[in-house]
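Structural characterization, general
Chain by chain, the residues run as shown.
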Amino acid sequence: MSANSVIQSVYEQVLSRNPGEAEFHQAVKEVLDTLGAVLEKNPQYVEANILERFVEPERQIIFRVPWQDDAGNYQVNRGMRVEFNSALGPYKGGLRFHPSVYLGIVKFLGFEQVLKNSLTGLMMGGGKGGCDFDPKGKSDNEVMRFCQSFMTELCRHIGPDTDIPAGDIGVGGREIGYMFGQYKRIRNEFTGVLTGKGLEWGGSLVRTEATGYGLVYIMDEALKAAGKSFKGLNVAISGSGNVALFACEKINQLGGKVITMSDSNGFIHDPNGIDLDAVKQLKLVERKRIKEYAATHKNATYSDGCTGVWTVKCDVALPCATQNELDGESAKTLVSNGCIASGEGANMPTTPEGVEVFQKAGVIFIPGKAANAGGVAVSGLEMAQNSQRLSWTFEKADAELKNIMVTIYKNISSAADEYGCAGDFVAGANIAGFIKVANAMLAQGLV
Ligand code: NDP
């Protein structure tokens, strides 16, 4: 069978075995479409059916999460953890609390995570989890009761050498704290079972900043390779959560100017440059909507609808909110407005049509599995510090992060060169990530 027929048959199986999981199909297709040359060069992967095993999660756990709201009503949500691939180490990947969460989203994120973790060069397999719970508008006590119930079930399946969850959309320091407390109470052990912990109890410096900083480090490297830098560039960012805030902070440090941010209701445009302290106060302290920013910044405008953020003229676009938020039309608008580079802070924020538009126009495009790998990389460093019972300085953790991001850029770039698609960082990231996992799977026999 030719490499292309193998890929086609694996993809057809994915469609028929995982009906209704559009995001998972999309993520798998994007990866499979770039692996033809790899299979041709490595027939041993085809003989050992690596691809078929690679798209099937090792374990999927779905569970009921009962909890009580402040009014005394009983509530029920659906929790899940997909332990996707452990060829390179224990499962590692975040938990997402958002009403849109269902198995198709968790599987797409877990699948991407396997390749992303491979790219970091650290010993981590891939997994992801979450729940259709919406933390928005809930009291701290409600969030705590929910997290305790969620962990009461999840704790049977995870452990510091088995599966180490972290945060994602809707799961920040507060939620990690409540879940860690419950794990410790039930298992009677203080271990690095979650990352993104508080600094006083096992967290790593730079973890909070890591995804946003890492995104900017890798984009800076890509810009440098094209003879450019962030200095003087206008940057459009979507989202106003963890990734967006710290990408903005690092861009400011490198002399660029962030002119937009958004949330799921709408976006702000501040041509003077976003006042980051004001956004941090709004989002992290007051937990308010981004709309409020325009009320206190008279040069800024607020518009309803989050995708309008891509109509703002910019040099670099960094989608940092959620999957499929930047489509073909938005990409065309960005290109016609002179955008030269785009990096995915979020997971799969650009639709396949959007990616095609960018690549055809020669826009530097770095996919999420490489561009946002900084978060899980510092999570890996947090695990290393926990095992050693040590805490590194900010400078050491930041230097390690930067080094990892620069190495990822080099690896995806040289994989693209080696497989005849120079400058295609989507293919480069998929190939570089996949080969390491495939070799480990081969070496470990039929598992
Ligand atoms: P946060 O919950 O901190 O922030 C998410 C931001 O995106 C918020 O501004 C939110 O707005 C917005 N958003 C969420 N859903 C939607 C939607 N459906 N449409 C428009 N906007 C939306 O999450 P993070 O910053 O941690 O994560 C953002 C992205 O980055 C996700 O794709 C995540 O998987 C990815 N990522 C995160 C990492 C991390 O370390 N945190 C690591 C690697 C990837 P609102 O407040 O209105 O919901």
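Residues numbered from 1 in each chain as written. Predicted model: local features only at pLDDT ≥ 70, side-chain atom pairs only at ≥ 80, totals over all residues. Heavy atoms only, no water.

1. Some details on the pattern of salt bridges
Side chains that carry opposite charge are capable of pairing whenever their charged atoms lie near each other. Which entries qualify depends on this criterion: Any carboxyl oxygen of Asp or Glu within 4 Å of a side-chain nitrogen of Lys or Arg constitutes a salt bridge here. Helix and strand assignments come from DSSP, with helices taken as H or I runs of at least 4 residues and strands as E runs of at least 2, each series counted from the N terminus.
Taken as a whole, this structure holds 24 salt bridges when the rule is applied. Between lysine 224 and aspartate 220 there is a salt bridge; the shortest N-O distance is 3.7 Å. Here aspartate 220 and lysine 224 lie together in helix H9 (residues 207-225), a separation of four residues that amounts to about one turn. Close ionic contact of lysine 224 with glutamate 221 constitutes a salt bridge, the shortest N to O distance being 3.8 Å.

2. Observations concerning helix H8 (residues 173-187)
Using the following cut-off: What a helix should span is 1.5 Å times the count of its residues minus one. A simple rule labels every residue: compare its accessible area, found with a 1.4 Å probe on the protein chains alone, to the largest value its type can have, and call it buried under 20%, exposed over 50%, or partly exposed in between. Residues are treated as being in contact if the distance between any of their heavy atoms lies within 4.5 Å.
With 15 residues, H8 extends 21 Å from end C-alpha to end C-alpha; this agrees with the ideal 21 Å at 1.5 Å per step. Within H8 the residues assigned to the buried category are Arg174, Glu175, Ile176, Met179, Phe180, Gln182 and Tyr183. In this structure, the buried residues of H8 make contact with strand E3 (91-97), helix H7 (140-154) and strand E5 (163-166). The first or second residue beyond H8 is asparagine 188, which carries a positive phi of 55°.

3. A closer look at helix H17 (residues 394-418)
Since the α-helix advances by 3.6 residues per turn, residues separated by three or four positions end up pointing in the same direction. An ideal rise of 1.5 Å per residue puts 36 Å on 25 residues; H17 measures up with 36 Å between its terminal C-alpha atoms. Looking one or two places after H17, you find glycine 420, whose phi comes out positive at around 75°.

4. Details of the environment of leucine 39
In this structure, leucine 39 sits in helix H3 (residues 36-41). Given the relative accessible area of 4%, leucine 39 is considered buried. Taking the C-alpha atoms as reference points, leucine 39 and valine 363, separated by 324 residues in sequence, lie 28 Å from one another. What leucine 39 contacts, discounting residues up to four positions off in sequence, is Ala3, Val6, Ile7, Tyr45, Val46 and Leu51.

5. Considerations on the sheet that holds strand E8 (residues 266-269)
Within a beta sheet, neighbouring strands are joined by backbone hydrogen bonds and run either parallel or antiparallel to one another. What counts, and what does not: Note on pairing: two strands pair once DSSP finds at least 2 bridges between them. Only the contacting stretch of a helix is used when fitting its axis, a line to C-alpha atoms as for every element, and angles between N-to-C directions run 0 to 180 degrees.
Reading across the sheet, the seven strands line up as E9-E8-E7-E6-E10-E11-E12 and stay open at both edges, with mixed pairing between neighbours. Each edge of the open sheet is held by one strand with a lone partner, namely strand E9 (301-304) and strand E12 (364-366). Between one strand axis and the next, the sheet turns through 15° on average, direction left out of account. One ladder, built from three bridges, connects strand E6 (residues 234-237) with strand E10 (residues 316-318); its direction is parallel. In the sheet register, valine 235 faces E10, and the bridge partner there is valine 316.

6. Thoughts on the site of the ligand
The following threshold applies: For this purpose, a residue is taken to be near a molecule or strand whenever a single non-hydrogen atom of the residue falls within 4 Å of it. Identification of polar contacts relies on pairs of N or O atoms within 3.5 Å, with a donor-acceptor requirement for protein atoms, meaning one able to donate a hydrogen and the other able to accept it, and with residues adjacent in sequence counted only if both atoms are side-chain atoms. With residues, only the protein chains shown are counted as cover, and all accessible areas are computed by Shrake-Rupley using a 1.4 Å probe.
In the neighbourhood of the ligand, 25 residues make up the surrounding shell, with Asp168, Thr211, Ser264, Arg289 and Asn347 lying closest. At a separation of 2.6 Å, an oxygen atom of the ligand approaches a polar side-chain atom of aspartate 168. In this structure, arginine 289 approaches the ligand through a side-chain N or O atom, which is 2.4 Å from an oxygen atom. Here the ligand, which alone exposes 890 Å², has 85% of that area covered by the protein.

7. Notes on the packing of helix H10 (residues 242-253) against helix H11 (residues 276-285)
As a reminder, the rule being used: We call two directions roughly parallel when the angle between them is under 35 degrees, roughly antiparallel when it is over 145, roughly perpendicular when it lies between 65 and 115, and oblique otherwise. In this scheme the handedness of a crossing depends on how the near helix is turned from the far one: anticlockwise by less than a right angle means left-handed, clockwise means right-handed. In the scheme used here, Gly and all other residues not listed as nonpolar or charged are polar, with Ala, Val, Leu, Ile, Met, Phe, Trp, Tyr, Cys and Pro taken as nonpolar and Asp, Glu, Lys and Arg as charged.
Running from amino to carboxyl end, H10 crosses H11 at an angle of 165°, the nearest separation of the two axes being 11 Å. Judged by the inter-axis angle, H10 sits roughly antiparallel to H11. Crossing of H10 over H11 shows left-handed handedness. Taking contact as the criterion, the partners of Leu245, Phe246, Cys248, Glu249 and Asn252 in H10 are, on H11, Leu276, Val279, Lys280 and Leu284. Considering only residue class, the contact of H10 with H11 consists of six nonpolar, one polar and two charged.

8. Points about the side chain of lysine 250
Definition in use: We count Lys and Arg on the positive side and Asp and Glu on the negative side, and we leave His and both chain ends out.
Take lysine 250: it is sitting in helix H10. There is no salt bridge for the buried lysine 250, and the closest opposite charge comes from aspartate 398, which lies 4.4 Å off by N-O distance. A polar atom in the side chain of lysine 250 sits 2.7 Å from the side chain of glutamine 253. Here lysine 250 is in contact with Tyr213, Val216, Tyr217 and Asp398, once residues within four sequence places are set aside.

9. Some words on the domain arrangement of the protein chain
Applied cut-off: Domain extents, as shown, originate in an automatic or database domain assignment. Using a 1.4 Å probe, buried area is obtained as the accessible area two parts lose upon being combined, added over both of them.
Here the protein chain is described as being made up of domain 1 (59-189) and domain 2 (210-366). For domain 1 versus domain 2, the distance between C-alpha centres works out to 27 Å. Contact with domain 1, which involves ten residues of that partner, is made by eight residues of domain 2. Each partner contributes to the roughly 680 Å² buried at the junction of domain 1 and domain 2, and carbon and sulfur atoms together form 43% of this total. On the domain 1 side of the interface with domain 2, the three residues burying the most area are Phe108, Lys136 and Arg174, jointly 47% of the side's total. One can count zero salt bridges joining domain 1 with domain 2. For the side of domain 1 that touches domain 2, the element with the most residues is helix H6 (residues 103-120), which contributes four residues. Residue classes in the side of domain 1 that touches domain 2 are distributed as four nonpolar, no polar and six charged.

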